[in-house]
Structures are given as structure tokens and as C-alpha cells.
Amino acid sequence: QVQLVESGGGLVQTGGSLRLSCAASGSISSINVMGWYRQAPGTKRELVAQITNGGSTNYAESVKGRFTISRDNGKSTVYLQMDTLKPEDTAVYYCNAEEPVPLGYSRKYWGQGTQVTVSS
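A few points on the structure. All figures in this text were calculated on a predicted structure; none of them were measured in a lab.

**What to know about the state of the cysteines**
In the structure shown here, the tally under the stated rule is one disulfide. One disulfide bridge connects C22 with C95, the sulfur atoms lying 2.0 Å from each other. Here the S-S torsion is close to -85°, and the disulfide linking C22 with C95 is therefore left-handed. In this pair, C22 sits in strand β3 (residues 18-26) while C95 sits in strand β9 (residues 91-101), placing the two residues 73 residues apart along the sequence. Grouping residues by exposure puts C22 and C95 together as buried.

Written out as C-alpha cells, the structure reads:
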């Protein structure tokens, strides 16, 4: 089992910055991908950014050039640096960790979520 604890959400004005952190604990050696998703009211949860154990990253088109995902050297904490924030970035942000399971699938773990609100 993997436990994820997020921190760093809050209220910021348009154009401002926030940094989210997610600390993983438990069976972290099995994790091969960590990332961030977000969900605004009335919408589906969507991928924001991912980073693999090898350091490869993947971003949603809407955040490219504004958000940066990174991991610490021990690979147990993932960060999301969010710059030039827009009101449409307002959502609950969830940390995600994935571990491979047989047949090519992945088991996903989720944090409790942290609110990010961008005022106009």
C-alpha cells in the first residue's frame, strides 16, 4: 500500500504562483509514475502532469510552459510548481502514484486532495 499526503494549496491572484508537494510513504519502491490530477466542480478529473522514475515528464496542453513537475532525489516526494496561474486552474488537485500490476495494468493511489483557487 502507498499513502500520499499533499500540501501547498491555497488562494492566489491571477498571475501568481503556488507550489504543491506530495509525500509518499509505504511501499514506495513499487511506484513507477507519480503525478498530479485536478478536478473542478462539475467536471471530470483530468491529468495535469506526470513524472516517471526515469525523469520523463508529461503535461496537459493547458499547463505547458506554466507548470513544472519534479521529484526529489529519494523519489518519495513530488512537486508541482504552478506559475502564471489563471482562474481556470481553480480546482482540487490530487496527487497520484502508480505501480505496475500483471497484464500491463497499473494500480493507482490517490491523495486526499488540496484546493487551489485563483481569483480574477
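**Re the nonpolar core**
Grouped together as the largest cluster of nonpolar side chains are 29 residues, with contacts concentrated most on L4, M34, W36, L80, M82 and Y93. Counting residues per element, the ones that place at least two in this core are β1 (2-7), β3, β4 (33-39), β5 (46-52), β7 (67-71), β8 (77-82), β9 and β11 (114-119).

**As for the pattern of salt bridges**
Scanning the entire structure with this criterion turns up six salt bridges. Between E61 and K64 there is a salt bridge, with its nearest N and O atoms 2.7 Å apart. Overall, the relative accessible area of 61% leaves E61 in the exposed class. Through salt bridges with shared partners, a single network forms among R38, E46, R66 and D89.

**As for the environment of Q81**
On the secondary structure map, Q81 appears in strand β8. C-alpha of Q81 to C-alpha of S17: the two residues are 64 residues apart in sequence and 7.5 Å apart in space. Not counting residues within four places of it along the chain, the set of residues in contact with Q81 comprises S17, L18, R19, R66, F67 and T68.

About the criteria used
Residues numbered from 1 in each chain as written. Predicted model: local features only at pLDDT ≥ 70, side-chain atom pairs only at ≥ 80, totals over all residues. Heavy atoms only, no water. Disulfide = S-S within 2.5 Å. Helix = DSSP H or I, 4+ residues; strand = E, 2+ residues; numbered from the N terminus. Buried < 20%, exposed > 50% of the residue type's maximum accessible area, 1.4 Å probe, protein only. Core = buried A, V, L, I, M, F, W, Y, C linked by side-chain atoms within 4.5 Å. Salt bridge = Lys/Arg side-chain N within 4 Å of Asp/Glu carboxyl O. Contact = heavy atoms within 4.5 Å.

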